[in-house]
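What follows is the residue order along each chain.
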Amino acid sequence: MGEVQMWVDKLTVLLAVSIFIITAVYSPASAREIIVDNNGSDADFKSVQEAVNNSSSGDVILVYPGFYNESVDLGIQNISILSESENPKDTIVRAFILSVNNITLSGFSIQEKLVLKGRPTDEVWYGKIENCTVKNNILESGIYADQCYNSTIEKNVILNSGIIVDGPWADSNFTISDNLIVNKGISISHGSYNCVLLNNTLLNGGIGVAQGPGCKILGNYISSDGGGGIAFSESSSNIIDNNFITNASYGISMPFFSDSDITNNTIISNTVGIFIAHYSSGSLIKNNTISNNGIGISLDDSALVTDNRIELNKECGIYFDHSEEHEGSSSDSRIHNNLFNNTVNFFNSSRTENLESENPRYTPGSAVWNITKTPGTSITGGPYLGGNFWAKPDGTGFSQRCNDWDGDGIGDSIYTINTYDVDYLPLVSMSKTRQQVFPVANFSTNVSNGYVPLSVLFTDFPQNETSRVWDFDNDGVTDSIDKNPVHVYPVPGIYTVNLTVSNENGTSSRLYPVTASNRPQYTLTEYQITTNNSNQTMPSIYGDKIVFLDDRSGWNNIYMYDLSTSKEAQITTSESKKEYPAIFEDRIVWQEYSNNTNTRDKSDIHMYNLSTSKEIQVTNSGGARNPVIYGDKIAYIYTLNGITNICFYDLSTSSEIQITNNGSAKNPAIYKDRIVWQDSRNRWETYDIYMYDLFTKKETQITTNQSIKDLAIYGDKIVWTDYRNGYSDIYMYNLSTSKETRITINGSAYDPTIYEDRIVWQDRNDREYLNADIYMYNISTHTETQITSNKSRQSSPAIYGDRIVWVDSHNEYTNIFPYANADIYMCTVSGIEPSLKTPVADFFVNITSGNAPLKVLFTDNSTGSPNFWHWDFGDGIKSKRALNATHTFTEPGEYDVSLTVTNENGSNTRIIPKYITVSKRK
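From a predicted model like this one, the values you see are computed outputs, not experimental measurements. (Residues numbered from 1 in each chain as written. Predicted model: local features only at pLDDT ≥ 70, side-chain atom pairs only at ≥ 80, totals over all residues. Heavy atoms only, no water.)

### Here's the deal with the overall build of the protein
Counting its secondary structure elements, the protein contains three helices and 88 strands. Relative to its 922 residues, the protein shows a buried fraction of 53%. The long-range share in the protein, meaning contacts at least 24 apart out of those at least 6 apart in sequence, stands at 42%. When the accessible surface of the protein is summed, it comes to about 40000 Å², and 47% of that surface belongs to carbon and sulfur atoms. (Helix = DSSP H or I, 4+ residues; strand = E, 2+ residues; numbered from the N terminus. Buried < 20%, exposed > 50% of the residue type's maximum accessible area, 1.4 Å probe, protein only. Contact = heavy atoms within 4.5 Å. Areas by Shrake-Rupley, 256 points an atom, 1.4 Å probe, with all protein chains shown as cover.)

Shown next, in the form of structure tokens:
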């Protein structure tokens, strides 16, 4: 909730000042106003449901502030239920169900999912409802509309969920507008025709439409955090106009039997800007800004692409799939009057090289890259329309070098893109004396997220600008005009930075998100699991059970400690060497060597079932090592004559499969159907990570830098130790986003493991082998935490949930043999509420009223050691860094004053309404 508080507060202010009038088309004489107040004696009812049950068509139910712990079934048609204060924060209802027509619901904070769904009838198993309005609410669990049409959802704040509109077929006309939606999106499906999605803000979510033709998606802001932006399936004749889409896998996509008019959108920093799949022909892509994506436009089917600015996309500007299965699809596209400015402007998957080079392998057809020369203003300002403008960021593009002796804006030469694709009328730059030069807004930040107070350095990259305006929170107030300003965000939230640059020909703006968060706090509780005088090593944990090796009998055996019962159990008793114990649910696996004198170098995989108390030998090859387990699946190394490969054993079918055959694999890890391992196939003794998917039966190379060791996998994230910089650091690869992240930078981290969003590892932070500690990194909060700090060696960490286990040698520790009396230790990591340690804002003044101009001294009286102060005097002039502040009020009026104080643990705000009264001088 903290990171979206800024958005919630802004929209709540909008809701509070939006005084609305409910006017019924038909208002019978019996219509009345019903008062609900569970704290007042003069109210008609104390329960919202009682008021509904006693209402009639046309009635208005006013609910006074309070918490109403009830699930209200709105089953009376044509009534309005409104909060009396019009402030959703002070009127809280657990749940509402709208099950009849003509209901208006406004001004509430609703804890559970809001449902709009008709009642079953004798004729059908469901009923339709219509003409419902849901507005000005805060909803913690989203909205589900089933068989609801001709209805409106507007100006709501929807947290941790989204909006789902499901049907009815061919009869919908739903309007969703001006909502703030966090961590989910909007889903339209099953024949919801002609929906309008207007001016919504979606953070960490997107818009999906399936079998819902005729949709209009207009003016929305979408930041999807790696998910989809706007996607259509089996949906035609849609309009997508004037949206801003960023941080999505696909900004706009037509994956299956869909078409749309895609116009006037800004599509920035996505994996793919626009994707038109095979069998989705007929879309119009016009007048969009498509920049800084991986791929600008990917076409598997035909489209009309015109008047777009397709710039600075990393892989290519426009991509065709001309594979044999897609033959004749994107080759039918018409592409003209676009500005291409990418290092690679056009790429085709059927060729071995960029199509702006020689010798393509083959192509089944070509797109049409120009229209007939026609009078009209081109995208570069020329007097004629024709083909496209072909630029490159380094200035070497065809259109940047082609002559135009007659000054018509068309190149004097044709542009042969490749053997089959030709732009016969390429656009070129106008002469400097005739061409208008427009500014381009572009900037960078040193950080885009962090903890309050978050200090961010902004660097402007001026392009044809004569002036600039920075708005660091997109509130319409100018914060700076400097070229490289520094701004401090004292309050947690997601902020949108807006840089607007101007010259005599126009303006240009760029938006960029910055996230400021409270620093997370943890309580660390350490336990000693083993206490005997032998060595316990190689721990593994699952749930309440820890397994480890123990040499108390003179050789290693497998032991288990149950945290729920505080009891230890010996799992194995044989006098053979064992290594690498691992546990999943009730199964323990390990590597066990043969006791035979002649075969002591032979080892196999064994398993013990805790539920049946039975041990089995899984393999009998004599070359199986390093087992890992997930469910019914065991992965391990199979070694024969020094050649090592990865094998997989399925306990459910008792079948064994060899995954690799190149003889250079080691150290497997497994999660569900994914097996990863180190592989030196490309260079002896230098390893990369490879992955095999048991479901798709496909192998993927994950890394290419040949510097890998000690890997682990959980979900879609792989972590490992990496030596690429000469030292050892932890890196992570996200399979969902194909992005690699460096986790540590001190060059002394080893042996990582991962569970959910937490990575733990051994760190020799002082480069001392005998003084290594355990560290943890939270992927969600980008926070590193030191788990241990004693002056001995901690190693071999493992994690499950909030529990971290490791080998600890600080009992009878010696420099000669660091594993003398090694024990298993555990730490539980529990969060504490950051607000418990945040400062508390307070202040006072020397004078509260007087004639204009009134000079007032504001003195900080806050507690909790704040280190940042942010004053807001209520007149649009903010003092952003001052322990104490002097401010002069120049206009008469009553002014609300607020002070926000911040330290490394968080922030707190005090607001005093109408604190300063300024009168007109007589």
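That shown, we press on.
### Observations concerning the sheet that holds strand E81 (residues 843-845)
Pairing between sheet strands relies on hydrogen bonds along the backbone, with the strands arranged either parallel or antiparallel. Reading across the sheet, the three strands line up as E81-E83-E86 and stay open at both edges, with antiparallel pairing between neighbours. The open sheet has two edge strands with one neighbour each: E81 and strand E86 (885-889). Direction aside, neighbouring strands of the sheet carry axes that sit 30° apart on average. In this sheet, E86 lies alongside strand E83 (residues 854-860) in antiparallel orientation, the contact comprising five bridges. Looking across to E86, one finds that Leu-854 is bridged to Phe-889. (Pairing = 2+ DSSP bridges. Axes fitted to C-alpha atoms, helices over the stretch in contact; angles between N-to-C directions.)

### A word on the pattern of salt bridges
Tallying each qualifying case throughout the model produces 21 salt bridges. The residue Asp-146 makes a salt bridge to Lys-117 at a minimum N-O spacing of 3.7 Å. Of this pair, Asp-146 sits in strand E12 (residues 143-146) while Lys-117 sits in strand E8 (residues 114-117), placing them 29 residues apart in sequence. Among the residues examined, Lys-117 registers a relative accessible area of 33% and is labelled partly exposed. Between Arg-724 and Glu-740 there is a salt bridge; the shortest N-O distance is 2.9 Å. One end of the pair, Arg-724, is in the loop between strand E71 (717-722) and strand E72 (729-734); the other, Glu-740, is in strand E73 (residues 739-742), with 16 residues separating them in the sequence. Accessibility expressed as a relative area gives 33% for Arg-724, which makes it partly exposed. (Salt bridge = Lys/Arg side-chain N within 4 Å of Asp/Glu carboxyl O.)

### Looking at the packing of aromatic side chains
Throughout the structure, instances matching the rule amount to 39 aromatic pairs. Ring plane angle 10° and centroid distance 4.7 Å describe the contact between Phe-340 and Trp-390, whose orientation is recorded as stacked. With Phe-340 in strand E39 (residues 339-341) and Trp-390 in strand E43 (residues 389-391), this pair connects stretches of sequence that are 50 residues apart. Across this residue pair, the class does not change: Phe-340 and Trp-390 are buried. Ring centres of Phe-889 and Tyr-895 lie 4.9 Å apart, and the angle between their planes is 35°; on these two criteria the pair is classed as tilted. In this structure, Phe-889 and Tyr-895 share a single accessibility class: buried. (Phe/Tyr/Trp six-rings, centres within 6.5 Å; stacked < 30°, edge-to-face > 60°.)

### Observations regarding the pairing of strand E35 (residues 303-306)
Here E35 shows a buried face lined by Ala-303 and Val-305 and a second buried face lined by Leu-304 and Thr-306. Judged from the four bridges that link them, strand E32 (residues 283-286) and E35 form a sheet pairing that is parallel. From the neighbouring strand, Lys-286 faces E35, where its bridge partner is Thr-306. Bridge count between E35 and strand E38 (residues 334-336): three bridges; the pairing is parallel.

### Overview of the side chain of Asn-156
If you trace the backbone, Asn-156 turns up in the loop between strand E14 (152-154) and strand E15 (157-159). The class for Asn-156 is buried, based on a relative accessible area of 0%.

### Some points on the sheet that holds strand E60 (residues 603-609)
Read across the open sheet, the four strands follow the order E58-E59-E60-E61; overall the sheet is antiparallel. Each of the sheet's edge strands pairs with one partner strand only, and the pair in question is strand E58 (578-584) and strand E61 (614-617). Direction aside, neighbouring strands of the sheet carry axes that sit 20° apart on average. Here E58 runs beside strand E59 (residues 587-593); their pairing, made up of five bridges, is antiparallel.

### Regarding the nonpolar core
Within the largest apolar cluster, 73 residues are counted, with the highest numbers of intra-cluster contacts made by Phe-96, Leu-98, Leu-116 and Leu-299. If we skip the residues at most four places from it in the chain, Leu-116 touches Leu-98, Ile-129, Cys-132, Val-134, Ile-143, Tyr-144, Ala-145, Asp-146 and Cys-148. Membership of the second largest hydrophobic core comes to 20 residues, among which are Val-856, Trp-871, Phe-873 and Tyr-895. (Core = buried A, V, L, I, M, F, W, Y, C linked by side-chain atoms within 4.5 Å.)

### Re the environment of Asp-90
Relative to the elements of secondary structure, Asp-90 occurs in the loop between strand E4 (79-83) and strand E5 (91-98). Taking the relative accessible area as the measure of exposure, Asp-90 reaches 29% and is therefore partly exposed. Asp-90 sits 18 residues away from Phe-108 along the chain, and the two C-alpha atoms are 7.9 Å apart. Look past the residues within four positions of Asp-90 in its chain and what remains in contact with it is Pro-65, Gly-66 and Ser-85. Within the structure, Asp-90 has its side chain in polar contact with the side chain of Ser-85 (distance 2.7 Å). (Polar contact = N/O pair within 3.5 Å; in protein donor to acceptor, adjacent residues only side chain to side chain.)

### Brief notes about the environment of Asn-54
Structurally, the position occupied by Asn-54 is in the loop between helix H2 (48-53) and strand E2 (60-63). Residue classification places Asn-54 among the partly exposed positions, given a relative accessible area of 40%. Sequence separation of Asn-54 and Ile-76 is 22 residues, and the distance between their C-alpha atoms is 9.1 Å. The residues contacting Asn-54, other than those within four sequence positions of it, are Arg-32, Ile-34 and Phe-45.

### Thoughts on the confidence of the model for the protein
When pLDDT is averaged across the protein, the result is 85; 88% of the residues are at 70 or more. With pLDDT under 50 throughout, residues 323-328 is counted as low confidence; its partners more than four residues away or in other chains account for ten contacts. The low-confidence segment residues 813-818 (pLDDT under 50) makes ten contacts with residues lying over four places distant or belonging to another chain. (pLDDT = per-residue confidence, 0-100.)

### Describing the pairing of strand E3 (residues 66-74)
Residues Gly-66, Tyr-68, Glu-70, Val-72 and Leu-74 line the buried face of E3, whereas the alternating positions Phe-67, Asn-69, Ser-71 and Asp-73 sit on a face that is not buried. Judged from the seven bridges that link them, E3 and E5 form a sheet pairing that is parallel. When the sheet's bridge partners are listed, Tyr-68 is paired in E5 with Val-93.

### A closer look at the environment of Leu-563
With respect to the helices and strands, Leu-563 occurs in the loop between strand E56 (557-562) and strand E57 (567-570). Classification of Leu-563 by relative accessible area gives buried; the value is 18%. Along the chain, Leu-563 and Asp-544 lie 19 residues apart, while their C-alpha atoms are 5.0 Å from each other. Non-local contacts of Leu-563, meaning those with residues more than four positions away in its chain, are made with Ile-529, Gly-543, Asp-544, Ile-546, Arg-803 and Met-826.

### Some details on unusual backbone geometry
The step from Ala-852 to Pro-853 runs through a cis peptide bond, and the omega angle for that step is -5°. For Pro-853, the location among the structural elements is in the loop between strand E82 (849-851) and E83. At Asn-102, a residue that is not glycine, the phi angle is positive and equals roughly 60°. In this fold, Asn-102 is placed in the loop between E5 and strand E6 (103-106). Residue Asp-307 is not a glycine yet carries a positive backbone phi of 65°. In this structure, Asp-307 sits in the loop between E35 and strand E36 (309-311).

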